[in-house]
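What the coordinates show
Single-letter residue listing:
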Amino acid sequence: MIASAADLHIHSCLSPCGDADMTPNNIVNMALLNELDWIAVTDHNAAASLPAVFSAAEGTGLNVLPGIEVNTKEEMHILCYFRDLDSVMEMDRILYDALPDIPNRPDYFGEQLILDGEDEVIGKRDKLLISSVSFGIEKLVEIVSGLHGVVVPAHIDRPNYSIMVSLGFIPPDLPITTAEVSGNGSIDDVKRRFRFFKPLKFIQSSDAHYLEDIAVREDMPPERLLQLEDLRRDTLLHYLGEKMFP
Amino acid sequence: MKVNELTQYPEFTCVNESALSDKEIECGYVGDLLSWVMGNADAGCAWVTIQTHVNIVAVAVLVEMSCIIIPELAELEEETVVKATEEGIPIFQTPKNAFEICAWLGAQGIK
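The following paragraphs examine the structure supplied in this document. (Residues numbered from 1 in each chain as written. Chains lettered and ligands numbered in written order. Predicted model: local features only at pLDDT ≥ 70, side-chain atom pairs only at ≥ 80, totals over all residues. Heavy atoms only, no water.)

On to the interface of chain A and chain B, then. In many analyses, interface size is given as the accessible surface area lost on bringing the parts together. Listed per partner, the contact involves twelve residues of chain A and 13 residues of chain B. Between chain A and chain B, a total of about 960 Å² is buried, with carbon and sulfur atoms accounting for 50% of that surface. If you sort the residues of chain A by the area they bury against chain B, Val165, Leu167 and Phe169 of chain A come out on top, with a joint share of 39%. Summed over the shared surface of chain A and chain B, the number is one salt bridge. With a closest N to O distance of 3.0 Å, glutamate 77 of chain B and lysine 73 of chain A form a salt bridge. At the boundary of chain A and chain B, one finds nine residue pairs in polar contact (both at pLDDT 80 or more). Among the elements that line the side of chain A that touches chain B, the one with the most residues is helix α6 (residues 163-166) of chain A, at three residues. When the residues that make up the side of chain A that touches chain B are grouped by side-chain class, the tally is six nonpolar, two polar and four charged. (Contact = heavy atoms within 4.5 Å. Buried area = accessible area lost by both parts, 1.4 Å probe. Salt bridge = Lys/Arg side-chain N within 4 Å of Asp/Glu carboxyl O. Polar contact = N/O pair within 3.5 Å; in protein donor to acceptor, adjacent residues only side chain to side chain. Helix = DSSP H or I, 4+ residues; strand = E, 2+ residues; numbered from the N terminus. Nonpolar A, V, L, I, M, F, W, Y, C, P; charged D, E, K, R; others polar.)

Here is the structure:
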C-alpha cells in the first residue's frame, strides 16, 4: 500500500471566487512543493481549466484526477471525479447547458478566466458558474455513472452547500461511499457527529481558493493519507466510489 | 383549516389525492434546508418549501406535518410523489410564491 497525500478539491482562477494567482502552473508547482501525490482541480460547474492543468503537470510526476464541483438543484456541492480529460470535458458541456442564463458580474463575484498551459488567458466563461444547475443529485449520479466517474459530497461538515444541511441526510439509495471533510475540519469529529448515519469513508481536502491554502503533505495527520495499492487513476476512482462501478 | 379543504381552492393542486385526510393544518413553516427544518418545524404544520427531493417526505413524516406546499409550480420528482403517497403526506403545488402562500394561509386564520 502507498500512503498517498492528496488534495482533491482545489479551485483555479476559472472559479469566480478563485484567486487570480490560482493559475494551472502555480497550482501544479505549489502541489509539487507541498509534496502531494495527487491533486484535483475542481471548479464550480466547470472544467475549462483542466486541459491547462494536465499540460502543466505533464512530466512533473504529479498525478491529476479530473474533477468538477457541481452545485445541484438542491443547492449542495458534489465533487465529481472522472477517469480522463474527455469525460470531464463532456461533463463540462452538460453542466454549462444546465446552468441558468445568469451572467457573471466580475466586479462582484470575480473573473472566470480560462488559461492555457503557459498561464496565458485564452477565454472566459460568461454564465455565472456558482449558480445551481437544473438537475438534482439522482440525475447527477446517473450522468456521472454514464461517464464512468464517481461522486463525493463536498465539505459535509459545513453549514452551507453540504448534502447534510440541504437534504438532512445522504439518501440511502445513492451509491455514495466517500464524503469529503473540509480542510479545517477533523475526520474524527465528523465520524462522531454523523455516527448515526450509514458508515462512510472520509477524505479531507483543502477547497483552496488561494495558493497558500493548498494542502501540505507534512501537515497531514496519518488518517488523512489515502492507502492506495498504486497511483493509477482507476485505483483512486475505485477507492472513492466502489459502488459506482458495476 | 383541514388539509382536504385546501383542494377547494383552484390555485392549490394536490399531486397525490389518495394521501389527503381531514388532518388539521395547525400552523405553518417555511424552509429549504432540511436539516434546519427537521430541528425546528412543529408537528401539524403546512410546510412551504422549494426543495423537491424525496428526502422532504422523510422530514414531513419525522415532524408529523399535515402537508407540504411547493411554491411557483416547481417540478416535483416522481419518486417524491410516490414516497409521499406511501407515507400519507399530501403535497400541493401552487403558482403562488412562498411569501404569497404564507400570506394566504394567514388570511385563512392559520397562525
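Moving on, we get to the nonpolar core. Core analysis: the largest hydrophobic core is formed by 103 residues, its most contacted members being Leu8, Ile39, Tyr81 and Leu240 of chain A together with Trp47 of chain B. Excluding its chain neighbours within four sequence positions, the residues that come into contact with leucine 8 of chain A are Trp38, Ile39, Ala40, Thr42, Leu65, Leu79, Tyr81, Ile203, Ser205, Leu236 and Leu240 of chain A. Within the second largest apolar cluster, 15 residues are counted, among which are Cys14, Val48, Phe92 and Leu105 of chain B. (Core = buried A, V, L, I, M, F, W, Y, C linked by side-chain atoms within 4.5 Å. Buried < 20%, exposed > 50% of the residue type's maximum accessible area, 1.4 Å probe, protein only.)

It is worth spelling out helix α1 (residues 24-33) of chain A at this point. Every α-helix carries 3.6 residues per turn, so stepping three or four residues along brings you back to the same face. Residues and elements named next belong to chain A. Among the residues making up α1, those that are buried are Pro24, Asn25, Ile27, Val28 and Ala31. Looking straight down α1, one finds that the buried residues subtend no more than 165 degrees of arc, so they occupy a single side. On its buried face, α1 is in contact with β2 (6-10), β3 (38-41), α2 (50-57) and β7 (113-115). Backbone geometry just downstream of α1 places glutamate 35 in the positive-phi region, at approximately 60 degrees. (Arc of directions from axis to C-beta.)

Here we come to unusual backbone geometry. All names here are of chain B. Within the chain, glutamate 72 stands out as a residue other than glycine whose phi angle is a positive 50 degrees. You can see glutamate 72 is positioned in the loop between β4 (67-70) and α3 (78-87). Of note in the backbone geometry, leucine 73 takes a positive phi value of approximately 50 degrees without being a glycine. If you trace the backbone, leucine 73 turns up in the loop between β4 and α3. Classification of leucine 73 by relative accessible area gives exposed; the value is 51%.

The next subject is the sheet that holds strand β6 (residues 77-81) of chain A. Residues and elements named next belong to chain A. Taken in spatial order, the three strands line up as β5-β6-β9 in an open sheet, and their pairing is antiparallel. Each edge of the open sheet is held by one strand with a lone partner, namely β5 (67-71) and β9 (150-153). Each neighbouring strand pair of the sheet contributes to a mean axis angle of 30 degrees, computed without reference to strand direction. For β5 and β6, the ladder comprises five bridges, and the chain directions are antiparallel. By the bridge assignment, glycine 67 is partnered in β6 with tyrosine 81. Sheet strands in contact with helix α5 (residues 137-146) are β5, β6 and β9, and its direction is about 10 degrees off that of β6. (Pairing = 2+ DSSP bridges. Axes fitted to C-alpha atoms, helices over the stretch in contact; angles between N-to-C directions.)

With a probe scaled to a water molecule rolled over the atoms, the places where space remains empty come into view. All names here are of chain A. According to the stated counting rule, one finds one cavity of 30 Å³ or more in the structure shown. Approximately 30 Å³ is the volume found for the largest cavity. Residue lining of the largest cavity: Ala6, Leu8, Ile203, Gln204, Ser205, Arg224 and Leu226, and that is the complete set. Taken together, the residues of the lining of the largest cavity break down into four nonpolar, two polar and one charged. (1 Å grid on protein atoms, 1.4 Å probe; cavity = no way out; pocket = protein on both sides within 12 Å on 5 of 7 lines; lining within 4 Å. Points joined across faces, edges and corners; volume = space filled by probe spheres on them.)

Right, let's get into α3 of chain B. Residues and elements named next belong to chain B. Every buried residue of α3 is accounted for by Thr80, Val81 and Ala84. The arc enclosing the buried residues of α3, seen along the axis, measures out at 95 degrees, which places them on a common side. Exposed and oriented more than 90 degrees from the buried face of α3 are Glu78 and Glu86. On its buried face, α3 sits against α2 (55-63) and β5 (91-93). Glycine 88, located one to two residues past α3, shows a positive phi value of around 70 degrees.

Okay, the sheet that holds strand β3 (residues 45-48) of chain B next. With respect to topology, five strands assemble into an open sheet ordered β1-β5-β4-β3-β2 (chain B), the strand pairing being mixed. A single partner strand is all that each edge strand has here, and the edge strands are β1 (13-14) and β2 (27-30) of chain B.

Moving on to the pairing of strand β11 (residues 201-204) of chain A. Where a strand is regular, its side chains alternate between the two sheet faces. All names here are of chain A. Two strands pair when backbone bridges link them, and strand β10 (residues 178-181) and β11 are joined in this way by four bridges, in the parallel orientation. Bridging from a neighbouring strand, threonine 178 pairs with lysine 201 of β11. Taking the sense of rotation as the criterion, the β-α-β connection linking β10, helix α7 (residues 187-193) and β11 turns out right-handed. (Right-handed = clockwise from strand over helix to strand, strands pointing away.)

Residues and elements named next belong to chain B. Looking at the element boundaries, serine 66 is found in the loop between α2 and β4. A polar atom in the side chain of serine 66 sits 3.2 Å from the backbone oxygen of glycine 44. Contact partners of serine 66, with chain neighbours within four places excluded, come to Val3, Lys23, Glu24, Ile25, Gly44, Cys45, Ala46 and Pro90.

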